[in-house]
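Here is how the chains run, residue by residue.
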Amino acid sequence: MHLDWTALGEVAAVSTGVTVAVVVVFALGVLGLARVEAAREGDAGTGSSGALGITQAGLCFLACAAVVAYGIYLIVPQFH
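Draft legend 1. Spatial organisation of the overall build of the protein chain. The secondary structure content of the protein chain amounts to 2 helices and 0 strands. The C-alpha radius of gyration of the protein chain comes to 18 Å, more than 25% above the 12 Å expected for a compact globule of 80 residues. C-alpha extents for the protein chain along the principal axes are approximately 65 × 30 × 10 Å. Expressed as a percentage of its 80 residues, the buried residues of the protein chain come to 12%. Excluding contacts between residues fewer than 6 apart, the proportion of contacts in the protein chain whose partners are at least 24 apart in sequence is 50%.

Draft legend 2. Just the packing of helix α1 (residues 5–41) against helix α2 (residues 50–75), in detail. The interhelical angle for the contact between α1 and α2, taken along N-to-C directions, is 155 degrees, at an axis separation of 7 Å. It follows that α1 is roughly antiparallel to α2 by the angle criterion. The element α1 and its partner α2 pack so that their crossing is left-handed. For the contact of α1 with α2, the residue count by class is 18 nonpolar, 5 polar and 1 charged.

Draft legend 3. The arrangement of a nonpolar patch on the surface in detail. A cluster of nonpolar residues, Val68, Tyr70, Ile72, Tyr73, Leu74, Ile75 and Phe79, forms a patch on the protein surface that exposes about 740 Å² of accessible area. Given the relative accessible area of 36%, Tyr73 is considered partly exposed.

Calculation criteria
- Residues numbered from 1 in each chain as written.
- Predicted model: local features only at pLDDT ≥ 70, side-chain atom pairs only at ≥ 80, totals over all residues.
- Heavy atoms only, no water.
- Helix = DSSP H or I, 4+ residues; strand = E, 2+ residues; numbered from the N terminus.
- Rg over C-alpha atoms; globule rule 2.2 N^0.38 Å.
- Buried < 20%, exposed > 50% of the residue type's maximum accessible area, 1.4 Å probe, protein only.
- Contact = heavy atoms within 4.5 Å.
- Axes fitted to C-alpha atoms, helices over the stretch in contact; angles between N-to-C directions.
- Parallel < 35°, antiparallel > 145°, perpendicular 65-115°, else oblique.
- Left-handed = near helix turned anticlockwise from the far one by under 90°.
- Nonpolar A, V, L, I, M, F, W, Y, C, P; charged D, E, K, R; others polar.
- Patch = residues over 30% accessible without salt bridge, like charges linked within 9 Å, V, L, I, M, F, W, Y side chains within 5 Å.
- Areas by Shrake-Rupley, 256 points an atom, 1.4 Å probe, with all protein chains shown as cover.
- Salt bridge = Lys/Arg side-chain N within 4 Å of Asp/Glu carboxyl O.

Limitation: the analysis is restricted to geometry and does not speak to function.
Set out below in structure tokens:
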């Protein structure tokens, strides 16, 4: 039995990198929702508007959903 250790390392590195990236993008989406909540409460110290926060959150969560959908597309053979 022969294992291609280089390919295994590449898969591990890419999956770790994508996982970290998705977690960071999701956290930025949560930060956007926190900005919306701060603007809704009238906290003057944030300096950001609710519209910017909801746009940030929407784009970040959409990016996370796109990554998940692409992963499902790669896994399910009927989609190819």
